[in-house]
Amino acid sequence: PMEHSIMRFSSWMGGDRDGNPFVTATCTRDVVYLARITAVNLYFKAIQDLIFSLSMWRCTDKFRERARVLHERETADHVYEMRKQRNYADFWRSLPMEEPYRVVLAEVRDKLFNTREALQAVIMGKAEALDPNDDTIFRDKDQLLEPLMACHQSLIEVGDAAVADGYLIDLIRQVNCFGMSLVKLDIRQESDRHADAVDAITKHIGLGSYLEWDEEKKTEWLVSELKSKRPLVAPDLECSDDVREVLDTFKMIAHLQAVCPGSLGTYVISMATVASDVLAVVLLQREMGGKIDQLLRVAPLFERLDDLVEGPNQLRRLFSIPWYHDLIDGHQEVMIGYSDSGKDAGRMAAAWALYEGQENATKVGDEFGVKLTLFHGRGGTVGRGGGPSHLAILSQPPATINGRLRVTVQGEVIEQNFGEHENCFHTLDLYTAATLEHSLSPPTAPSDEWRHAMATMSEVSCDRYRDVVFKTPEFNPYFLQATPGQELGALNIGSRPAKRKSNAGVTALRAIPWIFAWTQSRFHLPVWLGIAEGFQKVKEEGKLETLREMYRTWPFFRVTMDLIEMVLAKADPTVARLYEKELVEEKYHGFGEELRQALKSTVDIVLEVTEHPDLLTSQTTNGGQGSINTLKDKLAMRSIYLTPLNIIQVENLKRLRDIEDGKVDTKGYVPVMPWAKQMLSLHVSKDYYHAAVSDTLIITMKGIAAGMQNTG
């Protein structure tokens, strides 16, 4: 039906403040206004084209009466002067009643112009310009759709279906899909920031420290306050700047919901662990001016291994609260994180935890009559859940999609999948087809034997991964020296700070730079570390054939293995050894050799399970000859160009570290070419040599990322 859209687009650019101090309440407000101005400009042009096209006079009596009322409301001189000043493309004068569709659409054009003027005035500081009671502007998509639908219905009823189902219906579908804001802006913040805000409130009103309460007491108090109508946040509340920013964000959300309805989407709580994390956000929304019927839906983001395991139990606690169950009205969104779970536990353990977490969360929803929408927080890399979208959807657990799915598209994957017209529609076709196929013909459910094998591999691989990454003293210095990990945060090429908190450990590092750094050195350690030990354990139990059966018949396991195999094919231990030789202290070289041996063991065991003669080579045709995957050919060709970039990167990493250690006198370097001197003078360091080295390093990073693909 034309009044529905099978797909919606959202964004959190300007809304994701998780660890990013530059995304403030003001930033979010401006992003919303600018997005609406862009949408209005597009609709304005479309309406002008439509006015030109719909010149016919035949219409229903009801529609003619509508046009007559609008026509009588206008005076010819007034309309002419107003539209002349606005420099419309055409049809400045009052339109005749013999052109009823143009009369109605001309009013739509005027309202769109007024809407744009109001939005521009608000951005310039005139807050009163966007009045919720102003009927000369459009505030939501329904107001824009109503006259368009009236035109369509009239055309259909008088026999002009060919006209109605042309450009007009395209515009109606665009409005249904994109609304008045092009994309809904999601808001994201870390759970600890909300807890700090509530803590400031409880201290101010004399209840003590919220942070010191146990979960039971937190939940009980939050529910009692949600049921109560008394205000909690006093005007004289004393709080830190961080808490004030959190409260200002919720105040801005309430304001935007009132003046720009439909512009905001979901409030995502990163690092969510317990039910009180969700209730705190609901309470803060209401306390800062949000109306109950305008509150953003709240989605907990379960992203670490323990949180994925415990998440379904916390949903059960939430759904057991009658007040909250009534609030959500049978619908709950839950985001699951592929990035931090992989960084926390390794790829295999994270994949299985995500699989079981989705199953258990869906069962809890069914138990309480709540339809879950699972929001898959995937990145571009395999270490962050990346891979072919169609196969990824089809490998999800049975009964977890049911026609509803949200996914993130990040980094260079946006350009790859949506950058060109054909690619864009092909990607949307794949998403739609896979969602329908999974819903109508669910994939194979794992047997108890398969579940046992996965549980064993998950436990063993997780233990090995954590032993190396978090418990081995040599790992952190090796990682910092053997990859450009520590340089990423200083090069200003990311969308936000590389770390959530300022300490040197891997724990504080975000998943994106964690994966990106290992990809640059072509070691890809986060994807494969621990997998060999997990497979070996199951093999020792005499279940190698079980693993092979799982690979042949279970979509989830096959997709997981194929992606791991692809990453192993991209890994190059020779290049990784170069980084070690040139950048790492000699006392850590033995540790690096152990890691490279682990990579070799992983390749061997993966080939044994998949029964492939070589990576990315199937044995199903010609005994493996002539069936080399196209990707394998591409990787071999890219390597010719990638390896020189790796060599250049290693050299410039050495230079940059020497500069920072004070081993190089950079004052004597002055670019010969005037344009180079001018460009390098813009560098924050104000040092030509430092600037040249940094810029060269960034270029190598971009080149390697483009060649490796799947780095977002």
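Residues numbered from 1 in each chain as written. Predicted model: local features only at pLDDT ≥ 70, side-chain atom pairs only at ≥ 80, totals over all residues. Heavy atoms only, no water.

1. Notes on the nonpolar core
L148 and Y324 are the most contacted members of the largest nonpolar core, which has 111 residues in total. When residues of this core are assigned to their parent elements, the largest contribution, twelve residues, is made by helix α1 (residues 25–53). Setting aside residues no more than four positions away along its own chain, L148 makes contact with I47, L50, L105, L168, L171, I172 and V175. Counting residues in hydrophobic clusters, the runner-up holds 76 residues, among them Y355, W528, L656 and L697. (Core = buried A, V, L, I, M, F, W, Y, C linked by side-chain atoms within 4.5 Å. Buried < 20%, exposed > 50% of the residue type's maximum accessible area, 1.4 Å probe, protein only. Helix = DSSP H or I, 4+ residues; strand = E, 2+ residues; numbered from the N terminus. Contact = heavy atoms within 4.5 Å.)

2. Re the packing of helix α10 (residues 275–287) against helix α11 (residues 305–319)
One way to put it is that α10 packs onto α11 with a least axis distance of 8 Å and a crossing angle of 45°. Here α11 runs oblique to α10, going by the angle between their axes. Taken together, the residues of α11 that come into contact with α10 (itself represented by A275, V278 and L279) are Q314, R317 and L318. Here the residues of the contact of α10 with α11 sort into four nonpolar, one polar and one charged. (Axes fitted to C-alpha atoms, helices over the stretch in contact; angles between N-to-C directions. Parallel < 35°, antiparallel > 145°, perpendicular 65-115°, else oblique. Nonpolar A, V, L, I, M, F, W, Y, C, P; charged D, E, K, R; others polar.)

3. Topic: a nonpolar patch on the surface
Together, V672, M673, W675 and M679 make up an exposed nonpolar region whose accessible area comes to about 510 Å². You can see W675 is positioned in helix α29 (residues 674–680). Judged by its relative accessible area of 52%, W675 falls in the exposed class. (Patch = residues over 30% accessible without salt bridge, like charges linked within 9 Å, V, L, I, M, F, W, Y side chains within 5 Å. Areas by Shrake-Rupley, 256 points an atom, 1.4 Å probe, with all protein chains shown as cover. Salt bridge = Lys/Arg side-chain N within 4 Å of Asp/Glu carboxyl O.)

4. A short note on the packing of aromatic side chains
Scanning the entire structure with this criterion turns up 30 aromatic pairs. Taking the centre distance of 6.3 Å and the plane angle of 90° together, the rings of F475 and F591 count as edge-to-face. Separated by 116 residues along the polypeptide, F475 in helix α19 (residues 475–482) and F591 in helix α27 (residues 589–610) bring together distant segments of the chain. Each of the two residues, F475 as well as F591, counts as buried. (Phe/Tyr/Trp six-rings, centres within 6.5 Å; stacked < 30°, edge-to-face > 60°.)

5. Some remarks on a negative patch on the surface
Residues D192, D196, D241 and D242 make up a contiguous surface patch of negative charge. Among the elements of the structure, α7 (191–204) and α9 (241–259) are those that each provide at least two residues to the negative patch. Note that D192 resides in helix α7. Assessed through its relative accessible area of 40%, D192 is described here as partly exposed. (Lys, Arg positive; Asp, Glu negative; His and termini not counted. Charge placed at Lys NZ, Arg CZ, Asp CG, Glu CD.)

6. So, helix α14 (residues 347–367)
With 21 residues, α14 should reach 30 Å at 1.5 Å per residue; the first-to-last C-alpha distance of 30 Å fits that figure. Counted residue by residue, α14 has 16 buried out of 21 residues, so it is predominantly covered. (Expected span 1.5 Å × (residues − 1).)

7. A short note on the pattern of salt bridges
Applying the stated rule across the entire model yields 35 salt bridges. With a shortest N-O distance of 3.0 Å, D344 and R466 are connected by a salt bridge. Of the two residues, D344 sits in helix α13 (residues 339–345) while R466 sits in helix α18 (residues 448–471), which places them 122 residues apart along the sequence. We classify R466 as partly exposed; its relative accessible area is 23%. What you see here is one network of salt bridges that share partners, running through D186, R297, E333 and R406.

8. Considerations on the sheet that holds strand β4 (residues 297–302)
Here seven strands make up an open sheet; going across it, the order is β1-β2-β3-β4-β5-β6-β7 and the pairing parallel. Each edge of the sheet is formed by a strand with only one pairing partner; in this case those strands are β1 (10–11) and β7 (406–407). Direction of pairing for β4 relative to strand β5 (residues 331–337): parallel, over a ladder of two bridges. The partner of L301 across the bridge, within β5, is M335. Here α9 sits on the sheet in contact with β2 (184–190) and β3 (264–270), set at roughly 160° to β3. (Pairing = 2+ DSSP bridges.)

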